[in-house]
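# Coordinate inspection notes
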Amino acid sequence: MQRSSQLAPAVHGRSVRGGFARRPQRAAALPPSAHVLAVQSVTKRWPRQTRAVLDEISFELRPAELGWLTGVNGAGKTTLLRIIAGLLTPDAGRVDVCGLGPNSGRREYQRAIGLLSAGSSGLYARLTVRQHLDYWARLALVTPSARRERVDECIERFTLSQLAGRRTDRMSMGQRQRLRIAMAFVHRPRMVLLDEPTTSLDDDGCTVLLGAIDEHRRAGGAVLWCSPAREHVGTSVDRTFRLADGELSADG
C-alpha cells in the first residue's frame, strides 16, 4: 500500500455553513476526573543541549475548555504535544488524560486522545476518505456497529461528502487537511490536540473546524490548539499558554 508520508498521526474538536450533524458527540466512557488534561512538572532535554526545551511544565484543561498553546518557532510546542499524545517520553514529570497515563491503560489512553500532528500528512495515497476514517476508528477500537455512524458523522461535519469515495492522492492540500482533522475527531476522544490545524485551510474550512471544536466542547471535551499566531483560533479561548526559553506562562 503506497503511503503519502512517513508516519501517520497517533490515535490515541459559530455556526457553520454547509450544515453538519448538530447532535453532540458522545465521548468515550472513561474514569471520572475534575480535569481532562493534567500536565505536571514535565521536563525534556535534548542530547548535547544545556537548556531544557521544556522545564517543569505544568497546566490543566478542564471539560469544555479550549486552550491555546503558543510560542515562537522552536519553543517546544510540538514536543509538548507529542509528550501529551504518548509519542515521546519526558525526562521527568507526568501527563494524564481523564485520570489515565500513557503507561497505564495505554489503549484507553490512546482512545481518549485525538491528535492532528503538524508537518506530516499521515495519509495513504490509495485509500479514500471513507476508508481513512474507518481505518482510524478501527485503530481506536471503535466497535464495528458504531464505526459507520461515526464515519458518516465526520464526513458530514467536515463537509467531505463529495470526497468520500476519492483517493487522497487526487485531493488538494486543503481537502487533505480537512480529512486529517476529521481523523482526529472520528473516535470521539475526550482530549483533542491540534498542531497548526489551519494550515492549507480556506475560510470555509476554518469555519467548519471552529464549528467542530464548539460541538466537541459542548459535549464536555477539551481542545489544545497549538500555533504561533492567534489569527484563526477565534474569540472563545479559555486559557492561553506561552512557551519561551523552556518555561510556560498561562493566562486565564
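Figured I'd write up the structure that's included with this text. Only a predicted model underlies this, so the values are computations on that prediction, with no experimental measurement involved.

Moving on to helix 5 (residues 173-185). Along its 13 residues, helix 5 runs 19 Å from first to last C-alpha, staying within 8% of the 18 Å computed at 1.5 Å per residue. With 11 of its 13 residues buried, helix 5 lies for the most part within the structure. Turning to helix 5, its buried residues number three or more, namely Gly 174, Gln 175, Gln 177, Arg 178, Leu 179, Arg 180, Ile 181, Ala 182, Met 183, Ala 184 and Phe 185. Against strand 5 (113-116), helix 3 (129-139), helix 4 (144-157), strand 6 (191-195) and helix 6 (203-218) lie the buried residues of helix 5.

Under the criterion given, the structure shown has 14 salt bridges. The salt bridge partner of Lys 44 is Asp 91, with a shortest N-O separation of 3.8 Å. Here Lys 44, found in strand 1 (residues 37-44), pairs with Asp 91, found in the loop between helix 1 (77-84) and strand 4 (92-97); they are 47 residues apart in sequence, far enough to count as distant. Put simply, Arg 167 and Asp 169 hold a salt bridge, and the shortest N to O gap is 2.5 Å.

Moving on, we get to the packing of helix 3 against helix 4. It is the contact of helix 3 with helix 4, at a shortest axis distance of 9 Å, that shows an interaxial angle of 130°. Of the possible angle classes, the one that applies to helix 3 and helix 4 is oblique. Two packed elements cross with a definite hand, and for helix 3 against helix 4 that hand is right-handed. For the pair helix 3 and helix 4, the contacting residues are Arg 130, Leu 133, Asp 134, Ala 137 and Arg 138 in the first and Arg 147, Arg 148, Val 151, Asp 152, Cys 154 and Ile 155 in the second.

This part is about the environment of His 35. Looking at the secondary structure, you find His 35 in the segment before strand 1. On the basis of relative accessible area, His 35 is assigned to the buried category, the value being 14%. Distance in space between the C-alpha atoms of His 35 and Asp 96 is 9.2 Å, their sequence separation being 61 residues. Beyond its immediate sequence surroundings of up to four residues, His 35 is in contact with Glu 60, Leu 61, Arg 62, Pro 63, Asp 96 and Cys 98.

Rules used in this analysis
- Residues numbered from 1 in each chain as written.
- Predicted model: local features only at pLDDT ≥ 70, side-chain atom pairs only at ≥ 80, totals over all residues.
- Heavy atoms only, no water.
- Helix = DSSP H or I, 4+ residues; strand = E, 2+ residues; numbered from the N terminus.
- Expected span 1.5 Å × (residues − 1).
- Buried < 20%, exposed > 50% of the residue type's maximum accessible area, 1.4 Å probe, protein only.
- Contact = heavy atoms within 4.5 Å.
- Salt bridge = Lys/Arg side-chain N within 4 Å of Asp/Glu carboxyl O.
- Axes fitted to C-alpha atoms, helices over the stretch in contact; angles between N-to-C directions.
- Parallel < 35°, antiparallel > 145°, perpendicular 65-115°, else oblique.
- Left-handed = near helix turned anticlockwise from the far one by under 90°.

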